[in-house]
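# Chain and residue survey
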Amino acid sequence: MALVPAVTDLEQLKGHPAISRLISWNPQSVEGVKFDRDEMTIYVERSALREACALLRDAANCPFNYLSDITCVDWYPSEPRFEVIYHLLSIPNKERVRLKVRLSGETPALESVISVWPGANYFEREIFDLFGVRFSGHPYLRRLLMPENWEGHPLRKDYPVEGYR
Amino acid sequence: MAHLTPTPALEPGQDKTMILNMGPQHPSTHGVLRLILEIDGETVVRLLPDIGYLHTGIEKTCEAKFYHQVVPLTDRIDYLCPMTNNLCYVLAVEKLLGIEIPPKAQWLRVMMNELTRINSHLVWLGTHALDLGAMTVFLYCFREREDVLRLFEAVSGQRMMTSYFRVGGVALEPPLGFFDRVRDFANRFPSKVDEYEGLLTGNPIWVMRTKGVAKLSAEDAIALSASGPTLRGSGVDFDLRRDMPYSGYDNFKFKVPVGKDGDVFTRYMLRVQELRESIGIVEQALDGMPSGPVKANAPKVVLPDREKMKTEMEALIYHFKIITEGFAVPEGEVYQAVESPRGEMGYYIVSDGSAKPYRVHMRAACLANLQTLPSMCEGHLIADVVAAIGSIDIVLGEIDR
């Protein structure tokens, strides 16, 4: 099981149902793709994310109808600083796809997908709590794990692992 | 799906309703779950789970550890199924590294993983029945759980925080006579499941407390990202072990029980059937256990045997390097999901090419399953909240991480 280099050429990966669906809807919505270790990643334009999720959920041939997970990675100090990562699963086709959105570190904000999957609720609250990324359109965006009066966002890379800030 | 959006802060509108706090110290909340309930008489109008009382920042801690030092942390996320967490983490790291695992290690992993499922389901069954007033079942379940814990102790030296699976294989060859002990347990266990079922399945009190209670439709279960028995109880036939096999699960034959009513009784029946299926998988693993090494041939990643380390210079150097510097993992990212007793347990690991993970994220099945609680309970009696909590089988360690 030797590692093969990642494929990042959009032309080669166009045949994937999720990518072709997004490109036929709006070519600008796909910023890039990556196929690495048998996992497909699609970089989605920030403003197109919610609609892209809704499209993939309802796609006829391969519906990615299940939201497995949302998480975030902080690439401090480089810019764009945050990556918000959506893991979608197609229950009928038994296939996964990963959507990624890049956000700047200044005022990281993104549209909520709670109208597409109500299950995004806790995932988005957790990211807001631990990374400080805001999700517009979330009806109850409050801290989930940390106390209400906590200052700072612990999973950011400029937040120390030990000791007081 | 408007009814699934979360309700904002609870403030009593009129004099009609009352706010009731349940937990975090409450015996039926399975740990430190706090529920804020708005009730009208005995009917729940709104329900808001409040979590975070057990938040320990494991994801942050992982970023400061070497890859092999993260394994013991994964035990502590979900303390009822430590090996499932071990498995998910090591599979993800192995996928990042691109190393092949010998068949015996894979089969051992499957066998221990199914014993873990039995352990977890037994604790669930005992406490769930206790919540609903059936005391005896708890004692019966913990009797068999003790046997499983002794098996864990035999292979790993630990009863609960096993850390038995390592990157590249398993920690040690099982001790002599271990497989006979597992076989003995597997022979005895099905009749014990009959005992539990004899106490509960036909029991009119149990049926009245669980049938038709806390219903969840298939559409809602998918929309709320529910997984595991909570999803299958609502009639969605999906099990990662069968549908997206990992760690050699495609070599095993087992049935995936699926319900259709989506109530507490259905989820109870599913888990009891899963107990029987799991012991079947353990027996298949025993019958077909391959011979050979239990660790991959990757000296830069896997610790050498103690004997080799004491006699060979090269092995000693590798041992020293792995312990002091860890091992570098090629750049990339991986999402690995396994079917834990509670549902889809997923690890998302990002590597920047160094010896410490850049980011480790655990997708907790319980966190997503907990979101189904309001839609199960709202509009129903407050006594059924306890049944609903038990039926989604939550572990707060996993939810809060």
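Above this text sits the structure in question.
Residues numbered from 1 in each chain as written. Chains lettered and ligands numbered in written order. Predicted model: local features only at pLDDT ≥ 70, side-chain atom pairs only at ≥ 80, totals over all residues. Heavy atoms only, no water.

Attention now moves to the sheet that holds strand S2 (residues 39–44) of chain A. Residue and element names in this part refer to chain A. Within the open sheet, the 5 strands sit side by side as S1-S2-S5-S4-S3. Their pairing is mixed. Each edge of the open sheet is held by one strand with a lone partner, namely strand S1 (30–36) and strand S3 (66–74). Sheet twist, expressed as the mean angle between neighbouring strand axes with direction ignored, is 20 degrees. Examined bridge by bridge, S2 and strand S5 (residues 95–103) share 3 bridges and lie parallel to one another. (Pairing = 2+ DSSP bridges. Helix = DSSP H or I, 4+ residues; strand = E, 2+ residues; numbered from the N terminus. Axes fitted to C-alpha atoms, helices over the stretch in contact; angles between N-to-C directions.)

This part is about the environment of isoleucine 36 of chain B. With respect to the helices, strands and loops of the structure, isoleucine 36 of chain B is situated in strand S2 (residues 34–40). Along the chain, isoleucine 36 of chain B and isoleucine 323 of chain B lie 287 residues apart, while their C-alpha atoms are 47 Å from each other.

All names here are of chain B. Taken as a whole and assessed by the stated rule, the structure comprises 14 aromatic pairs over all chains. Considering the side-chain rings of tyrosine 67 and phenylalanine 327, the 6.1 Å spacing of their centres and the 20 degrees angle between planes classify their relative orientation as stacked. In this pair, tyrosine 67 sits in the loop between helix H1 (58–62) and helix H2 (71–75) while phenylalanine 327 sits in the loop between helix H13 (313–325) and strand S6 (332–340), placing the two residues 260 residues apart along the sequence. The exposure classification of tyrosine 67 matches that of phenylalanine 327, with both residues buried. Three or more aromatic residues joined by ring pairs make a cluster, and in this case those are Trp107, Tyr246, Tyr249, Phe252 and Phe254. (Phe/Tyr/Trp six-rings, centres within 6.5 Å; stacked < 30°, edge-to-face > 60°. Buried < 20%, exposed > 50% of the residue type's maximum accessible area, 1.4 Å probe, protein only.)

Another point: unusual backbone geometry. Residues and elements named next belong to chain A. The residue after tyrosine 76, namely proline 77, is reached through a cis peptide bond having omega 5 degrees. With respect to the element layout, proline 77 can be found in the loop between S3 and strand S4 (82–90). In the segment running from glutamate 79 into proline 80, the intervening peptide bond is cis, with an omega of 0 degrees. Relative to the elements of secondary structure, proline 80 occurs in the loop between S3 and S4. The phi angle at arginine 37 is positive, at roughly 50 degrees, despite the residue not being glycine. Within the secondary structure layout, arginine 37 lies in the loop between S1 and S2.

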